[in-house]
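# Results of the structural survey
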Amino acid sequence: MDLKKLANALIPDEDLLPPEEYEKIYPPRSLPAGAEVTRLAPSPTGFIHLGNLYSALADERTAHTTGGVFYLRIEDTDEKRKVEGAVESVIRSLRYFGINFDEGAEIVSDLNAYGPYYQRQRAKIYRSYAKKLIEEGKAYPCFCTEEELDKVREEQNAEKLVTGYYGKYAKCRNLSEEEIYSRLAADKPFVIRLRSSGDVANKTSFCDAIKGDITVTENDQDVVILKSDGIPTYHFAHAIDDHFMRTTLVIRGEEWLSSLPIHIELFKVLGFKPPRYAHTCSLMKMDGGTKRKLSKRKDPELSLDYYRKAGYYPRAVVKYLMTILNSDFEEWELKNPLADYRDFPFRINKMGKSGALFDLDKLSDISRTEISKLSEEECYEFLKGWADEFGSPADKAHFEDKEYIVKILALVMGTSGKKRRKDIERAEQGVNLISYFFDDVFSPEYGFRAAREDVEKALSLFAADYDPQDDNSAWFSKVKKVAAAIGYAAETSEYKANPQAYKGSVSDVAEILRIAVTGSPNSPDLCSIMKILGKERTLRRLERAANTAEGGARS
Ligand code: GLU
């Protein structure tokens, strides 16, 4: 058969460059020895999840710890899945977590010499190579309809055989010249398939950068490389793009492992040196005692928006993912508490070989620690950013008063420099935690335990004597004075020694004041809270609580 004529009949495009030209257009990158070129290659569906972030972090760390390049390629061959603004959203989401691309789709960079980075814009490259394969007899047209393929699949299923287009089931593999041209003359749609030369009886060993040595069975499927609309399949585009974009390490989900034999064969027939591969394990969670994959449908925590809305500190999410990526990260962090996580010697081959367990509680712990390391100003900026985007109108308004919030944060976070409190876990929770400092949303349900009469007396006596200039010890002396005046022990030790002699102790009186001023029996230092609130607001709260006090029964 005249294969050149066939190639021209199947791919008549006149504007294709000869395949070898692309080797010149996209020469090997000049990078230092050991530098890795990695990429994130999402479809533009607009949904970017934790798995993508996890993978992107492995890509980004690999590239940037080796002096290489991390780029963004958009796999938009499936037009139906395209969502407007999706590419920008991927870039923005990753940037929020401190992950930046060096080159690629929508990235402004001098490096962008390996584009275009949208697969749809690379049609000529794929077509040029498909044509070459047809000319070499390594690819052929297939005219089978969906119905015919379904029938074959049913037959294979019934006989418990591997499904697909191979061996005797590859009906169009040996069509005669006449048969091909008569179908073309009848305008029958066709796809281009690889003429596989593999044999499933052959097994080879393959070294995956994460999984180590694995056994791979040769591919014998005549997979589609160009669809009937001339658009390449993932397999074909992957081989061509990762070759010409000079990717050195393909990091991708383990769901692609089963396609690896196809990719190995494609690289071989195309005459390209394959990249190295690292197949990452899936993120799992514990669900009722069993471990299962995180699912888009069941688990809101798979979406990255979940972390932004809940206000986890972005660096905490990244650090948490680092602990999953490389299990020695935590130990390194303990030894280098002040170091940037980017200084950690990340290595792809230290990644876990099987299901990584995702644990929200651990993330929360890390988020508390990261937030506790912020200065009050930084924490203010972080909480304000969240309030502006996700908070209520009241939250937004509160954050207009920076000075006031910084004072509150200094108290809630504990003295800078000394051991910080870890009360703020997430922005959403942090904003709620300090909301009692604002009158417009302060609507306590006073859960006083003391008798109502005592509550009223304690509040009014304290109010009469309150002076915001008092330091902590003067303030506490006044609380003791109130305690003694209403029959409570001024010293806890006295109460413990002789409980029958008192209605309670000074700590019960402090609790009354605390509930009146903050609405809760637990809070940071009350004397400081009163100072931040100011005299007027404090007195108003004491009075309001005295008037509306729901205490225990009157004694
Ligand atoms: N577009 C593929 C995906 O989103 C890319 C897989 C790969 O990284 O090669 O799953």
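Preceding block: the structure.
Read on for a plain summary of the structure. (Residues numbered from 1 in each chain as written. Predicted model: local features only at pLDDT ≥ 70, side-chain atom pairs only at ≥ 80, totals over all residues. Heavy atoms only, no water.)

What follows deals with empty space enclosed by the protein. With the rule as written, the count across this model stands at one cavity of 30 Å³ or more. Here the largest cavity is characterised by a volume of approximately 40 Å³. Along the walls of the largest cavity sit Arg368, Ile371, Ser372, Val412, Met413, Arg421, Lys422, Asp423 and Ile424, which together make up its complete lining. When contributions to the lining of the largest cavity are tallied by element, the ones reaching two or more residues are α13 (360-372) and α16 (402-413). Of the residues forming the lining of the largest cavity, the biggest block, three residues, is contributed by α13. Tallied by class, residues from the lining of the largest cavity come to four nonpolar, one polar and four charged. (1 Å grid on protein atoms, 1.4 Å probe; cavity = no way out; pocket = protein on both sides within 12 Å on 5 of 7 lines; lining within 4 Å. Points joined across faces, edges and corners; volume = space filled by probe spheres on them. Helix = DSSP H or I, 4+ residues; strand = E, 2+ residues; numbered from the N terminus. Nonpolar A, V, L, I, M, F, W, Y, C, P; charged D, E, K, R; others polar.)

So, on to the sheet that holds strand β13 (residues 356-357). Taken in spatial order, the three strands of this open sheet run β12-β11-β13, and their pairing is mixed. The open sheet is flanked by β12 (290-293) and β13, the only strands paired with a single partner. Pairing of strand β11 (residues 283-287) with β13 involves two bridges; the strand directions are parallel. The residue of β13 that forms the bridge with Leu283 is Ala356. (Pairing = 2+ DSSP bridges.)

Taken together, Arg39, Ala41, Glu75, Tyr234, Arg252 and Trp256 are the residues near the ligand. Tyr234 is positioned such that a nitrogen or oxygen atom in its side chain is 2.4 Å from an oxygen atom of the ligand. Here the ligand has 300 Å² of accessible area as a free molecule, and 78% of this is covered by the chains. In a pocket analysis with a 2 Å cut-off to the grid points, the ligand is assigned to the largest pocket. Looking at the shell around the ligand residue by residue, the classes come out as three nonpolar, no polar and three charged. (Near = heavy atom within 4 Å. Polar contact = N/O pair within 3.5 Å; in protein donor to acceptor, adjacent residues only side chain to side chain. Areas by Shrake-Rupley, 256 points an atom, 1.4 Å probe, with all protein chains shown as cover. Sits in = over half its atoms within 2 Å of the grid points.)

This part takes up the packing of aromatic side chains. Scanning the model with the defined rule gives 32 aromatic pairs in all. Ring centres of Tyr313 and Phe382 lie 4.8 Å apart, and the angle between their planes is 90 degrees; this geometry places the pair in the edge-to-face category. Here the residue Tyr313 occupies a position in the loop between α10 (304-310) and α11 (314-325), and Phe382 occupies one in helix α14 (residues 376-390), the gap between them amounting to 69 residues. Comparing Tyr313 with Phe382, the two get one shared label, buried. The structure contains a cluster of three or more aromatic residues connected by ring pairs, namely Tyr22, Tyr26, Tyr114, Tyr129, Phe244, Phe267 and Phe272. Here the guanidinium or amino end of Arg122 rests over the ring plane of Tyr26, the centre of that ring lying 5.7 Å away. The ring of Tyr165 is capped by Arg193, whose NZ or CZ atom sits 3.6 Å from the centre of that ring. (Phe/Tyr/Trp six-rings, centres within 6.5 Å; stacked < 30°, edge-to-face > 60°. Buried < 20%, exposed > 50% of the residue type's maximum accessible area, 1.4 Å probe, protein only. Lys NZ or Arg CZ within 6 Å of the ring centre and 35° of its normal.)

To continue, consider the layout of surface pockets. Its boundaries defined by the atoms lining it, the largest pocket holds a volume of some 1200 Å³. Residue lining of the largest pocket: 40 residues in total, with His49, Asn52, Gly253, Glu255 and Trp256 positioned closest to the centre. Sorting the residues of the lining of the largest pocket by element identifies β1 (37-40), α3 (50-65) and β9 (249-253) as the ones contributing at least two each. No other element matches α3, which puts five residues into the lining of the largest pocket. Reported here for the second largest pocket is a volume of approximately 780 Å³. Lining the second largest pocket we find 34 residues, and of these Gly164, Tyr165, Arg193, Asp222 and Val224 sit closest to its centre. Elements with a contribution of two residues or more to the lining of the second largest pocket: α6 (146-158), β5 (191-194) and α9 (260-270). No other element matches the five residues that α6 contributes to the lining of the second largest pocket.

Two elements in contact, helix α5 (residues 123-135) and helix α8 (residues 234-244), have axes separated by 10 Å at closest approach and are oriented at 110 degrees. As summarised for this structure, α5 and α8 are arranged roughly perpendicular, according to the angle between their axes. Our pair here, α5 against α8, has a crossing hand that is right-handed. Residues Ile125, Tyr126, Tyr129, Ala130 and Leu133 of α5 form the contact with α8, whose participating residues are Phe236, Ala237, Ile240, Asp241 and Phe244. Looking at the contact of α5 with α8 residue by residue, the classes come out as nine nonpolar, no polar and one charged. (Axes fitted to C-alpha atoms, helices over the stretch in contact; angles between N-to-C directions. Parallel < 35°, antiparallel > 145°, perpendicular 65-115°, else oblique. Left-handed = near helix turned anticlockwise from the far one by under 90°. Contact = heavy atoms within 4.5 Å.)

So, on to the sheet that holds strand β3 (residues 103-104). Spatial ordering of the open sheet is given by β1-β2-β3, a layout of three strands whose pairing is parallel. Across the chains shown, the open sheet's two edge strands, defined by having one partner strand only, are β1 and β3. Bridge analysis of strand β2 (residues 69-72) against β3 gives two bridges, and the strand direction is parallel. What sits directly across from Leu72, in β3, is Gly104.

The peptide bond linking Gly115 to Pro116 adopts the cis configuration, its omega dihedral lying at 0 degrees. For Pro116, the position within the fold is in the loop between β3 and α5. The phi torsion at Asp187 lies on the positive side, around 60 degrees, for a residue other than glycine. Mapped onto the elements of the fold, Asp187 is located in the loop between α7 (177-185) and β5.

Next up on the list: the pattern of salt bridges. Close approach of charged atoms allows side chains of opposite charge to pair. Applying the stated criterion to the full structure yields 48 salt bridges. Arg122 is paired through a salt bridge with Asp241; the nearest N and O atoms lie 2.7 Å apart. Placement of the pair is Arg122 in the loop between β3 and α5 and Asp241 in helix α8, with a sequence separation of 119 residues. You can call Arg122 buried: its relative accessible area is 0%. Since its relative accessible area comes to 0%, Asp241 is described here as buried. Salt-bridge contacts for Glu511 lead to Arg449; the nearest nitrogen and oxygen are separated by 2.6 Å. Here Arg449 lies in the loop between α17 (427-433) and α18 (452-465) and Glu511 lies in helix α21 (residues 506-518), a separation of 62 residues in the sequence. (Salt bridge = Lys/Arg side-chain N within 4 Å of Asp/Glu carboxyl O.)

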